[in-house]
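# Overview (structure and organization)
Below are the chains, spelled out letter by letter.
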Amino acid sequence: METVVQWNIRGFRSNFDELKLLLNRSQSAVVALQECRLGEGQLPPRGYTLLLPQGGSPGGEAALLIRNGTRLSEIDLKTGLHAAAAKISLEKTLTVCSLYLPPNSPLSKLSLAELFEQLPKPFLVLGDFNAHSHA
């Protein structure tokens, strides 16, 4: 069975060894990452492709690691949210979206609805939503 994992990594470079260990143990097909804080020229672990939001922040607040050999189609999201998405083929075809919602940043139901409308169904949204409020 293929697995999909979510992790707020809080620094790609500073937690790179732990990421490699996670990938080695889980053999995950997809890892949704948040707060990547990517440095210039940062490479993904061997055997994985790193997908960042197109036109997004250079720090990569949301990203997807997808195991090489996994059929994928990157989705160009039109959103101000920190989100990266791809349609992938595992046992079934589904869309996986990594989403980071920073704390104390304004968020509207409309921006989430617009994001969800862009995701081909079925979809799975994974992330750090900083869901401290009732809203």
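In what follows, the structure referred to is the one given above.
Since the structure is predicted, the reported quantities are computational estimates derived from the model, not experimental observations.

Once that is clear, we can look at helix α1 (residues 16-26). Among the residues of α1, those classed as buried are F16, L19 and L23. Across the axial projection of α1, the buried residues extend over an arc of 55°, all falling on one side. Across from the buried face of α1, at angles greater than 90 degrees, the exposed residues are D17, N24 and R25. Tucked into the core, α1 has its buried residues touching β1 (4-8), β2 (30-34), β3 (48-51) and β4 (62-67). Count one or two residues on from α1 and you reach Q27, which has phi positive near 55°.

All right, on to the sheet that holds strand β5 (residues 72-75) then. Here 4 strands make up an open sheet; going across it, the order is β5-β6-β7-β8 and the pairing mixed. Two strands bound the open sheet, and with one partner strand each, they are β5 and β8 (123-128). Here the average twist between neighbouring strands, direction ignored, is 20°. Packed on one face of the sheet, helix α2 (residues 109-118) meets β5, β6 (82-89), β7 (93-100) and β8 and runs near 155° to β7.

Residues K121 and P122 are joined by a peptide bond in cis, for which omega reads -10°. Within the secondary structure, P122 is located in the loop between α2 and β8. Phi at Q27 takes a positive value of approximately 55°, unusual for a residue other than glycine. For Q27, the position within the fold is in the loop between α1 and β2.

Scoring rules and cut-offs
Residues numbered from 1 in each chain as written. Predicted model: local features only at pLDDT ≥ 70, side-chain atom pairs only at ≥ 80, totals over all residues. Heavy atoms only, no water. Buried < 20%, exposed > 50% of the residue type's maximum accessible area, 1.4 Å probe, protein only. Helix = DSSP H or I, 4+ residues; strand = E, 2+ residues; numbered from the N terminus. Arc of directions from axis to C-beta. Contact = heavy atoms within 4.5 Å. Pairing = 2+ DSSP bridges. Axes fitted to C-alpha atoms, helices over the stretch in contact; angles between N-to-C directions.

The analysis is restricted to geometry; functional conclusions fall outside its scope.
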